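Topology and contacts: notes
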Amino acid sequence: MSENRQGMMISRRNLLGIALMFTAVAAIGSAIFCMSRSVLDRSYKDVAVMVDWQALASLPDASGGSISYPEDSEQPWQLLAALPGAQLCYGEETVGSLLDSGILAQAEMATGAPAYEVTDERYSADIARGASRHGYPYRRVARFASGYENLVVQFPAMPEEDLRLLPVAWFQSVQDAAALHGASLILRPGGSEFLGDHGLQETMGFIANQPLVLFQGPTVLGYPGRLDEVADAIKANGQTFCWVEFDEQDGGGGLARRMTDSEGQIHLARLHSIPPEEMDNYDIAGAVARYMRAVDERSMRVLYVRPFIRGKQLNGGSAGDTGYVQRLVELNRRYFQTLVSELQTEGFTIAKQPRTLQSVMPDFRGGIWVAAWLPGILLLIGLLAFPGRESIPLPLFLGMLATGLLAAGAATFSSAARDILLLLAAIAFPLVGFWMAMHVNMYLTTRLICKRFCPRRIFIAMLSLGVASLFSMAGGIIIHGALAGAEGILKLSEFRGVTLAMAVPVLLFAAWAWQAETLADAWLAAENRLVGYWQRFSTLWQSPIRYGDVAFILIAMGIIGVVLLRSGNDSLLGVLSFESLFREVLEQSFGVRPRTKELLGHPLLMLFLLSIAWRTRVSVMLGIGALLGQISILNTFCHLHTPLELTITRVLLGLALGAATGLVWCVLAIGVGSIWSWWLMRGRRS
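If you're wondering where the values come from, they're calculated on a predicted model, not measured in any experiment.

The rules behind the values
- Residues numbered from 1 in each chain as written.
- Predicted model: local features only at pLDDT ≥ 70, side-chain atom pairs only at ≥ 80, totals over all residues.
- Heavy atoms only, no water.
- Helix = DSSP H or I, 4+ residues; strand = E, 2+ residues; numbered from the N terminus.
- Buried < 20%, exposed > 50% of the residue type's maximum accessible area, 1.4 Å probe, protein only.
- Contact = heavy atoms within 4.5 Å.
- Polar contact = N/O pair within 3.5 Å; in protein donor to acceptor, adjacent residues only side chain to side chain.
- Pairing = 2+ DSSP bridges.
- Axes fitted to C-alpha atoms, helices over the stretch in contact; angles between N-to-C directions.
- Core = buried A, V, L, I, M, F, W, Y, C linked by side-chain atoms within 4.5 Å.
- Disulfide = S-S within 2.5 Å.
- Patch = residues over 30% accessible without salt bridge, like charges linked within 9 Å, V, L, I, M, F, W, Y side chains within 5 Å.
- Areas by Shrake-Rupley, 256 points an atom, 1.4 Å probe, with all protein chains shown as cover.
- Salt bridge = Lys/Arg side-chain N within 4 Å of Asp/Glu carboxyl O.
- Parallel < 35°, antiparallel > 145°, perpendicular 65-115°, else oblique.
- Left-handed = near helix turned anticlockwise from the far one by under 90°.
- Nonpolar A, V, L, I, M, F, W, Y, C, P; charged D, E, K, R; others polar.
- Phe/Tyr/Trp six-rings, centres within 6.5 Å; stacked < 30°, edge-to-face > 60°.
- Lys NZ or Arg CZ within 6 Å of the ring centre and 35° of its normal.

Examining the overall build of the chain
- Along its length, the chain carries 27 helices and 20 strands.
- Counting across all 686 residues of the chain, residues that qualify as buried make up 52%.
- When contacts within the chain are restricted to residue pairs at least 6 apart in sequence, long-range pairs at least 24 apart make up 78% of them.

Here it is in C-alpha cells:
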C-alpha cells in the first residue's frame, strides 16, 4: 500500500524539472510566432510622407513679406521637391484661418449667431460650396453704397475658440496649383459634427481618389453616430485611414477598429507628427531623429511633416531681412533632404500608401500557446509558496495540467480569458525569475562557503541576474508571441494591465522580504530551499510596526508611484534634462536605447543579492529596484508596435550594460565592506 502511495507521488526535484520543461516549451512555441512577426517587420518598410500645406504656404516669400496668394508662388513647390515622393496635405480652411488671412470679416447682421462676409470674391464659390456641405446657412447681401453683393455665411453659436476650429472649405486654386506642379494632393476633411443633408457623402466623395485619409480637428468625420458609413467608404475606396499618435482624435480609435474588411485586410496606418507649438524647440537633427524614432521604434508608417516657419535656430533675423528668409528656406530644404536621406539609409521607401496588413486575429495562438506555460508556472509557484513538501500527489499534478488545458481552450474562444492569462504571466514570470535568482545565489554561496565580502559573490550575483532575466524574457516572449501580428503593429491589439503587472509583483516581494535583516536565514541549507512565501508573510503579519517600517513604506510607495507615473510614452512626469542627455548619448553610441529601469535595476539586483549577507534593511529598497528592472524586461516585449528585433537588441544591450555597471558597483561595495570590516576588527583589538 505504501509503495502504491509512493508511486502516486511526484518528487520536488521532478516537479521542478517538469515545470521548467513546460515553461521552455511555451517560450519556444511563442518564439516561433515571434519569428513570423520579425518577417513582417522586415517587409513593412513603406512610409508615406505628407507635408502640411498651410505651414508650407505661411513661409515668407523672397521679398520678406507674406505671400498674398501662396498657391501662385513657386517657393512652396520648390521646397516640396526637396522631399521626393512626399504628398501635399491640404486641410480644410477653418473660420480662424480665413479670419486671420482677411478672407472673412465680421458681417453686420441682426442675428444671434455669428455671421461673416467673404471679402475676396476669388474664394466665394469655394466657401459657398463648403458651407452647403457643412450645413452652414449662407446668402448674398448687397453693400449699401455700391450695391455689390458679398457672400455672408452664418455659423453656429458657440465659444470663439471652438468657432475658429470649424472647417469651411478647400480652395480650388490650391488644388489646381498642385496639379500644375505635379504634386500629389491629400485633402484633409474637418471632423465636424456640422454637415448638410448629404454632407458626409459629398465629403467622402471629394477624397475618394486619394490613397490616404486623414481628418482635421479634434474629432474624426462621422463621430459619434456615423463611423460605420465613413469606415465602409474608406474600405470600398481601397484607402488607408491614418490614425494619429498621442494627440488622438475623438472617434479615431473606434474608426480604426472598423478598418478590417471582409478579406482580413486592415486599411490602417499609424501617423506621427510634430505639433506646430513644438517645432520651435527643434533643430533639423532633433526633428529628424524624432521622426526616425517613430518609424523605427513604434512602426509609424505615415509622417506628417511641418516646415520650420520661424527660424529660431538661425541666430536672429526677421521676415523683413531677405537674407534671413533665404536662410529659412534653405533650412527647410536641408530639413527635407535630411529626412529623405535618413529614411533611405534605414531601408525605408517613401511611398504613396503604406502596405496594407493582413489580420491574423483571432487564431490558434491565442489559446494553446498562451496557456502552455500555465502548468509549469503553477508548479513553480507551488514550490515557492509551499516548499516544505518533498512531493505532491499525482492527482494534484494532473489537475494542474488539466487547468492549463482548460485555460488554453478558454483563451482560444475568449479574448477576455486570453487577457487574464497574459496578465497572470506578466505578474508571475518576473516574480518566479526573481525567486529562482535568489535560489541560485543562496545555494551557490552556501555550497562554496562564501563569507560576507567574498569576491566570488559578485560572479554568483551576475549568474543569478542571468537566471532572473531569462525568466523575464521568457514571459515577455510568451506575451509577445500571443499578440504578435498586424494588430499589434497597428496597436489594435495590445497588452492590458501594465500598471497591475508592475505594482503587484513589487507588493508581493515587499511583503516577503520586508524583514530584510532575516533574509540570510530564509535559506534552509539542509533542504536546499528557501523558506516558503506564506511562512514569511505570516511572520510579517504578526510583527509590530516600527518607526523605521513607516519610513520605508513611504519611501517604497514613493518609488513605485514615480515609476508608474513615468511609465508609457505619454507619462505624466516629464524626463529630467540630465536624463534626456543620458538617453541621447546612449542612442548615439548604440543606435538603440536600453530602458532606464533596466540599466538601474540590473546592478541593483546584483547589489541586493550581495546585501543579503549584510543583514541590512536597505536590502528591501535594493530588491524593489531590482524587481522593477525585471518587470521592465517583460514590459519591453509588451510594446507590440516596436519591431521584435529592436526589442531583443534593447533588452540584451540593457542586460550587458547593467551587468557591467553591477560589476563595478559590486567591486566597490565588496572593497568598501572589506575595509570597513577590517577597521572594525582593528578597533576591537585595540
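Here we look at the environment of A113
- Structurally, the position occupied by A113 is in the loop between β5 (104-106) and β6 (115-118).
- Judged by relative accessible area, which is 15%, A113 ranks as buried.
- Linking A113 and A157, residues 44 residues apart in sequence, is a C-alpha distance of 4.8 Å.
- Setting aside its immediate chain neighbours within four residues, A113 contacts Q154, F155 and A157.

A few points about the side chain of S619
- Here S619 shows up in helix α26 (residues 618-637).
- Of note is the side chain of S619, whose polar atom sits 2.7 Å from the side chain of S611.
- Sequence-distant contacts of S619, defined by excluding residues within four places in its chain, comprise A516, L519, F608, S611 and I612.

Some details on the sheet that holds strand β8 (residues 149-154)
- Spatial ordering of the open sheet is given by β5-β6-β8-β7, a layout of four strands whose pairing is antiparallel. Each having just a single partner strand, β5 and β7 (138-142) make up the two edges of the open sheet. Taken over all neighbouring pairs, the strand axes of this sheet differ in orientation by 40 degrees on average, direction set aside.
- Helix α6 (residues 124-134) rests against β6, β7 and β8 of the sheet, and its axis sits at about 30 degrees to β8.

A short note on the nonpolar core
- Counting residues in each nonpolar core, the largest one holds 101 residues, and the members touching the most others are M50, I127, F155, F241, L255 and Y335.
- Top contributing element to this core by residue count: helix α14 (residues 322-345), with ten residues.
- Every residue in contact with F155, bar those within four places of it in the chain, is listed here: V95, L104, A113, P114, Y116, Y136, L163, L166 and V168.
- Counting residues in hydrophobic clusters, the runner-up holds 75 residues, among them C34, A437, A511 and L622.

Let's talk about the state of the cysteines
- Counted by the stated rule, this structure contains zero disulfides.
- Among the cysteines around C242, which has no disulfide bond, C89 carries the closest sulfur, lying 8.2 Å off.

Brief notes about the side chain of Q515
- In this fold, Q515 is placed in the loop between α21 (498-513) and β19 (523-524).
- In this structure, Q515 is in contact with R536, T539, L540 and S543, ignoring residues within four places of it in sequence.

Some words on the pairing of strand β3 (residues 87-91)
- Among the five residues of β3, five are classified as buried, and the element is accordingly described as predominantly covered.
- Across the two faces of β3 the burial is the same, with Q87, C89 and G91 and L88 and Y90 all buried.
- Pairing analysis gives four bridges linking β3 to strand β10 (residues 185-188), with the strands arranged parallel. When the sheet's bridge partners are listed, L88 is paired in β10 with L185.

Thoughts on a nonpolar patch on the surface
- A cluster of nonpolar residues, I675, W676, W678, W679 and L680, forms a patch on the protein surface that exposes about 620 Å² of accessible area.
- For L680, the location among the structural elements is in helix α27 (residues 644-685).
- Here L680 falls in the partly exposed class, since its relative accessible area comes to 33%.

Let's talk about the environment of G85
- Within the secondary structure, G85 sits in the loop between α4 (75-80) and β3.
- It is 5.7 Å that separates the C-alpha atoms of G85 and I350, two residues lying 265 residues apart in sequence.
- In contact with G85, not counting residues within four places along its chain, are I350 and K352.

A look at the packing of helix α18 (residues 415-447) against helix α25 (residues 596-611)
- Where α18 meets α25, the axes come as close as 11 Å, and the angle between the chain directions of the two elements is 45 degrees. As summarised for this structure, α18 and α25 are arranged oblique, according to the angle between their axes. The handedness of the crossing between α18 and α25 is right-handed. Between α18 and α25, the residues in contact are F434, M438 and N441 and L605, F608 and L609, respectively.
- Partitioned by chemical class, the residues of the contact of α18 with α25 number five nonpolar, one polar and no charged.

A few points about the packing of aromatic side chains
- One pass over the full model with this rule turns up 14 aromatic pairs.
- With 6.1 Å between their ring centres and 45 degrees between their planes, F215 and F241 make a pair best called tilted. Of this pair, F215 sits in the loop between β11 (212-213) and α10 (227-236) while F241 sits in strand β12 (residues 240-244), placing them 26 residues apart in sequence. The burial state of F215 is the same as that of F241; both residues are buried.
- Site record: aromatic cluster; members linked through ring pairs are Y116, Y136 and F155.
- It is R188 that lies over the ring of Y304; its NZ or CZ is 5.1 Å from the centre.
- When the ring centre of W243 is taken as origin, the NZ or CZ atom of R270, which lies over that ring, is 4.3 Å away.

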